[in-house]
Amino acid sequence: MMRGMGNMQGMMKKMQKMQKEMQDSQADLNSSAFTGKASDEAVVVTFTGDKKMTDINIKPEAIDPDDPDMLQDLILMAVNDAMTQIDKTTEQTMGKYTQGLNIPGL
């Protein structure tokens, strides 16, 4: 009976270690900077890994008062580029912790 308890304690220690590693990985990811760019870098945005925008740069030539839709499209393009990078990096970084687990809802 005691042998089973030792296995349980060992498993709990492994789970705690994995949880700490996941938290550290998430913190590293959140503090990373991701840059999204639109055509010819007319719009460049920077986000943190937790999807907070920290910077936006718009080239003057991208601002056409007669065509505000173009600027809107460039901003969307840059933001979507950054979001794609964040999602890919998150999957690569955090996916290793869920690989092989069959958890409903994830």
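Within every chain, residues take consecutive numbers counted from 1 along the sequence as written. Where local features are concerned, this predicted model is filtered to residues with pLDDT of at least 70; where side-chain atom pairs are given and counted, the filter is 80 or more; whole-chain, interface and lining totals use all residues. Excluded from the side-chain calculations are hydrogens and water; all other atoms, namely the structure's heavy atoms, are used.

What is the right way to look at the overall build of the chain in this model?
Along its length, the chain carries 2 helices and 3 strands. Counting from the N terminus, the helices are the DSSP runs of H or I reaching at least four residues and the strands are the DSSP runs of E reaching at least two. Element order for the chain, N to C, with α for helix and β for strand: α-β-β-β-α. In this scheme, a residue with accessible area under 20% of its type's maximum is buried, one over 50% is exposed, and one in between is partly exposed, where area comes from a 1.4 Å probe on protein chains only. Here the chain holds 106 residues, and 23% of them are scored as buried. A sequence separation of at least 24 residues applies to 48% of the contacts in the chain between residues at least 6 apart. In short, Shrake-Rupley with a 1.4 Å probe defines the accessible areas, and a residue's cover is counted only from the protein chains shown. Surface summary for the chain: the accessible area is close to 8000 Å², and the carbon and sulfur share equals 55%. Here, residues are in contact when the closest pair of their heavy atoms is within 4.5 Å.

Would you explain the side chain of T48 in this entry?
By secondary structure assignment, the location of T48 is in strand 2 (residues 43–48). Note on T48: relative accessible area 17%, which makes it buried. Ignoring any residue separated from it by four or fewer positions in sequence, one finds T48 in contact with N30, S32, F34, T54 and I86.

When you look at helix 2 (residues 68–98) in this model, what are you seeing that I'm missing?
Because an α-helix packs 3.6 residues into every turn, residues spaced three or four apart end up facing the same way. A rise of 1.5 Å per residue sets the reference length of helix 2, with its 31 residues, at 45 Å; its end C-alpha atoms lie 43 Å apart and thus fit the reference within 8%. Its axis deflected by about 35° at Q92, helix 2 carries its strongest bend there. Among all positions in helix 2, only L71, L74, A78, V79, A82, M83, I86, M94, G95 and Y97 are buried. Under the convention used throughout, the expected extent of a helix is 1.5 Å for every residue step, that is, one less than its residue count. Bend at a given residue is defined as the angle between two axes, one fitted to the seven residues that end at that position and one fitted to the seven that begin there.

Please clarify how a negative patch on the surface should be interpreted in this entry.
Only residues above 30% relative accessible area that lack a salt bridge enter a patch, with like-charged residues linked at up to 9 Å and the nonpolar side chains Val, Leu, Ile, Met, Phe, Trp and Tyr linked at up to 5 Å. When a carboxyl oxygen of Asp or Glu lies within 4 Å of a side-chain nitrogen of Lys or Arg, that pair is called a salt bridge. Neither His nor the chain ends is counted toward charge; the positive residues are Lys and Arg and the negative residues Asp and Glu. For the purpose of locating charges, the reference atoms are NZ of Lys, CZ of Arg, CG of Asp and CD of Glu. On the surface, D64, D66, D67, D69 and D73 cluster together into a patch of negative charge. Here D69 is to be found in helix 2.

I'm lost on the nonpolar core in this one. Help?
One recurring pattern in soluble globular proteins: nonpolar side chains tend to sit buried together. Counting residues in each nonpolar core, the largest one holds 17 residues, and the members touching the most others are V43, V45, F47 and L74. Listing elements by their share of this core, those giving two or more residues are strand 2 and helix 2. The element contributing the most residues to this core is helix 2, with 9 residues. Aside from chain neighbours lying at most four places away, what touches L74 is A38, S39, A42, V43 and A62. The term nonpolar core refers to a set of buried residues drawn from Ala, Val, Leu, Ile, Met, Phe, Trp, Tyr and Cys, joined through side-chain atoms within 4.5 Å.

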